[in-house]
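# Descriptive structure summary
Residue-level listing of the chains:
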Amino acid sequence: MIKRYKYGAVIQTDAVVLELDETVGAVAFLGQYDETAQEFRYRLDAEDLVYGLGENVRGINKRGWLYESRCLDDPHHLETSNSLYASHNFFMISGTETFGVFMDYPGIVSFDVGYTNRNELVIHPEDSNFDLYIIEGKNTTDIVMQFRSLIGRSYIPPKWAFGYQQSRWGYMTAEDVREVVSQHRENHIPLDSVYMDIDYMERYKDFTVDEERFPDFKAFVEEMKAEHIHLVPIIDAGVKVEAGYPVYEEGVEHGYFCKNADGTDFVAGVWPGRVHFPDVLNPDARKWFGHGYKFLLDQGIDGFWNDMNEPSLFYSEEHFNEVLDSIGEFKGKNLDLEAFSTFTSMVDGLANNRDDYKRFYHKINGEMVRHDRVHNLFGYNMTRAAGEAFEEFEPDKRILMFSRSSYTGMHRYGGIWMGDNMSWWGHILMNYKMLPSLNMMGLLYSGCDVGGFSGNTTEDLVMRWIEAAIFTPLMRNHSSMGTRDQEVYRFEQLDTFKKLIECRYALVPYIYSEFMKAALTDTMYFQPMSFIYTEDEQAKEVEDQLMVGESIMSAPIYTQNATGRYVYLPEEMLLIRMRSCDDYDTEIMEAGHHYVKAGTDEMIFFLRKNHIFPIGSKAESIAELDDSKVKLITFQDQDVTYDLYDDDGYSTDYDLERDITTVKISKNGTCTVTGSRNLEVTVEMY
Ligand code: GLC
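Here the structure is a predicted model, which means the values were calculated and not measured. (Residues numbered from 1 in each chain as written. Predicted model: local features only at pLDDT ≥ 70, side-chain atom pairs only at ≥ 80, totals over all residues. Heavy atoms only, no water.)

### Digging into unusual backbone geometry
Defined as follows: Under the DSSP-based scheme used, a helix requires at least four consecutive residues in state H or I and a strand at least two consecutive residues in state E, with every element numbered from the N terminus.
Across the junction of E310 and P311, the peptide omega takes the value -10°, indicating a cis bond. You can see P311 is positioned in the loop between strand 16 (303–307) and strand 17 (315–316). Not every positive phi belongs to a glycine, and Q38 is a case in point at roughly 55°. Inspection of the secondary structure puts Q38 in the loop between strand 1 (2–7) and strand 2 (40–43). Positive phi, normally seen in glycine, also occurs at L53, with a value near 65°. Along the chain, L53 falls in the loop between strand 3 (49–52) and strand 4 (65–69).

### Quick word on the site of the ligand
So the rule is basically this: Consider each residue's heavy atoms; a residue with any of them within 4 Å of a molecule or strand counts as near. Whenever two N or O atoms come within 3.5 Å, that pair is a polar contact, provided that in protein one can donate a hydrogen and the other can accept it, and provided that, for residues adjacent in sequence, both atoms are side-chain atoms. The Shrake-Rupley method, run with a 1.4 Å probe, gives the accessible areas here. Residue values count only the displayed protein chains as cover.
What surrounds the ligand is the set W169, D197, I198, I234, W271, W305, D307, R404, W417, D420, F453 and H478. Within the side chain of D307, an N or O atom sits 3.1 Å from an oxygen atom of the ligand. Residue H478 places a side-chain N or O atom 2.9 Å away from an oxygen atom belonging to the ligand. For the ligand, the accessible surface in isolation is 310 Å², of which the surrounding protein chains cover 98%.

### A word on the packing of aromatic side chains
Just so we agree on the cut-off: Two rings belonging to Phe, Tyr or Trp (six-membered ring only in the last case) form a pair when the distance between their centres is within 6.5 Å. Interplanar angles under 30 degrees mark stacking, angles over 60 mark edge-to-face geometry, and anything in between is tilted.
Across all of its chains, the model carries 53 aromatic pairs by this definition. Judged by centre distance (5.1 Å) and plane angle (80°), the rings of Y33 and F130 are edge-to-face. Of this pair, Y33 sits in the loop between strand 1 and strand 2 while F130 sits in strand 9 (residues 130–136), placing them 97 residues apart in sequence. Judged by centre distance (5.4 Å) and plane angle (75°), the ring pair of W65 and Y115 falls under edge-to-face. Separated by 50 residues along the polypeptide, W65 in strand 4 and Y115 in the loop between strand 7 (109–113) and strand 8 (120–125) bring together distant segments of the chain.

### What about the pattern of salt bridges?
Here is the rule we go by: By convention in these notes, a salt bridge is any Lys or Arg side-chain nitrogen within 4 Å of a carboxyl oxygen on Asp or Glu. Burial status follows relative accessibility: with a 1.4 Å probe on protein chains alone, a residue under 20% of its type maximum counts as buried, one over 50% as exposed, and anything between as partly exposed.
Taken as a whole and assessed by the stated rule, the structure comprises 53 salt bridges. Note that R168 and D485 form a salt bridge whose closest N and O atoms lie 3.5 Å from each other. Separated by 317 residues along the polypeptide, R168 in the loop between strand 10 (164–166) and helix 2 (174–186) and D485 in the loop between strand 24 (475–477) and helix 12 (494–520) bring together distant segments of the chain. Here R370 ties to D372 by a salt bridge, and the two come within 2.8 Å at their closest N and O atoms. By relative accessible area, R370 is classed as partly exposed at 31%. The exposure class of D372 is buried, given its relative accessible area of 10%. Each member of the salt-bridge network shares a partner with another, and the members are D73, D307, E310, R404 and D420.

### Overview of the sheet that holds strand 15 (residues 273–276)
To keep it simple, the criterion reads: Two strands are counted as paired when DSSP detects at least two bridges linking them.
Pairing is antiparallel across the open sheet formed by 4 strands, whose spatial order is 13-15-14-17. Two strands lie at the open edges of the sheet, namely strand 13 (239–240) and strand 17, each paired on one side alone. Pairing geometry for strand 13 and strand 15, over 2 bridges, is antiparallel. When the bridges of strand 15 are listed, V239 appears paired with H276.

### A short note on the packing of helix 10 (residues 425–440) against helix 11 (residues 459–468)
Note the threshold: Orientation is described by lines fitted to C-alpha atoms, with helices fitted over the stretch in contact, and by angles between N-to-C directions that extend from 0 to 180 degrees. The cut-offs work like this: below 35 degrees is roughly parallel, past 145 is roughly antiparallel, 65 to 115 is roughly perpendicular, and the gaps in between are oblique. Note on convention: the crossing is left-handed when the near helix lies turned anticlockwise from the far helix by less than a right angle, right-handed when the turn is clockwise. Note on contacts: a residue pair qualifies if any of its non-hydrogen atoms lie within 4.5 Å across the two residues. Gly is put with the polar residues, along with every residue not named as nonpolar or charged; the nonpolar set is Ala, Val, Leu, Ile, Met, Phe, Trp, Tyr, Cys and Pro, and the charged set is Asp, Glu, Lys and Arg.
It is the contact of helix 10 with helix 11, at a shortest axis distance of 10 Å, that shows an interaxial angle of 15°. Judged on the interaxial angle alone, helix 11 and helix 10 are roughly parallel. Of the two possible hands of crossing, helix 10 and helix 11 adopt the one that is right-handed. Residues W425, H427, I428, N431 and Y432 of helix 10 lie in contact with helix 11, whose contacting residues are D460, L461, R464, W465 and A468. Among the residues forming the contact of helix 10 with helix 11, the class breakdown is 6 nonpolar, 2 polar and 2 charged.

### A short note on the domain arrangement of the chain
Put simply, the rule is: The split of the chain into domains comes from an automatic or database domain assignment. Two parts placed together each lose some accessible area; with a 1.4 Å probe, that loss summed over both constitutes the buried area.
With domains assigned, the chain is organised as domain 1 (2–151) and domain 2 (511–685). Placing the centre of domain 1 and that of domain 2 at their C-alpha centroids yields a distance of 32 Å. Taken together, the contacts link 12 residues of domain 1 with 13 residues of domain 2. Summing both partners gives a buried area of about 1,100 Å² for domain 1 against domain 2, and 58% of it is carried by carbon and sulfur. Along the contact surface separating domain 1 from domain 2 lie 0 salt bridges.

Rendered as structure tokens:
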């Protein structure tokens, strides 16, 4: 049951798709809103767990820290950060009382989840205009499903986006891209796409391609397609200020950019230098910006990633000038501690300064709304601009789209990657823990920069990270300019990488099936163990193992030099230790704690008892996957069934019933297959 409470004059976010009547009176579970302090307070019991908040730092259980919903470009985030690139204001309490809370509020809001006082949760929005939804349900799974039906169906990418993807900031020319592709193809390392970072553009101008570095781009896109490679260009939020550049000229002419208080166009600095931000919160401007993607669609592009859309500012021009005016005062001064701190904070404070959010405005329903009131809606609406344009130009085709920043609602138009992580072992775990929290928000197509974005990586880190990401729908190796090269062919153990990536392709029948079922039934693909083993006290504390779909429990290794790891099995399970798609061993393990060995060339995961795990075979691209045959690995002592979903992978005509093939394996091993597909199966029974 969902109740909606309304406070003040709500700014429409379009996060929610269901229209619910307003409930009047004290809020269920949370009680009265304190208008003066602008907060809700909730007393946490010792045993209460708190789940949710989407993309953020720390654990799956969010208890014990202060989180802030403020979309922020923080490339060097740490465990002590409070905000990341996206903002998701939904959480659940699971314990004495079990319920979900969604604060639909476009400004900045803080969630003190037992940080100031271990036993108190405080929700504090910056002003008192919001919709609050309270969801009551049987358990956390039920609450997530209700929340997901409230916010609408998740975005579904094309099937090729489940393949292995290669990216790096620094592929400067078509030749660089060809080299990446040929290294993969010659070494038979599977690959489905190569990303084009900011350097493909003419001086970082959106919706342009540098013709010198990427001559005859359309033909190049075709050439890559012939190799089963999809090129995925980046689109940035800021539009370069440059006379004669059509996107700039049109935006100025129609008043489609964010404004200063005096009505002139707001100027910020990002990659191209001075930029204007398209006012994607204004439907006309959003439509116009979305139409920009057509320039690339027309050249055969079928995937994009949206970036710098928190929006990220290196500086605002106004603030930059203020700093320049004051900085001269330091000349010739003897800088003591205080003076030096003032000096550095002036310079360091240029980027993503919160006060800059108060300098510019959006046009919403004919009214000028200051950016700080709607800060978290920018990335969402940039991606919505693209999504709405794709619906208009390519209604029957799936286009890959994911974004760095988001707010609830964006999950209907695209997926998300977790922004700039570091080549740190600790970030494997941090990114892993975000997966179920993102799934709760409907962000199913997600993943992180495999191998780490900033800092120099190592061969073993890339290998363990590939293993950890083997089930993530988005599996993209991405790194920053200036760091050690990390395409897998750069390393000595190329053959091991090749085999591990081949495993990914063999796992796609399961990954795709479970992803699609999760998307079409508003359920989760990655779940905390406690969502399945609800009565198991130990499972509540496990933060480094996840349930993936209905059959698998994953348990990645994220420690350097480790030759295995401890796992907790809430029930008897089948260990699968995989080196390649046809080289794996299995072992039935009883419930409890175990130390499981796995060399760097091996990954481990577990099959649940009385479940079926379908696997395919290796392929060098998704297009070459043989979807007519699967092997069914089963671990059973009773009759079991599995619904295998598959479809053409490209059209938007989804049909759960039509596209499901049901396999039933009886206790004695007889297998029956029903459904419209001709599926050849073999059974490997334990
Ligand atoms: C941002 C993105 C990163 C990208 C870089 C250059 O840091 O998060 O993925 O490579 O910008 O475009």
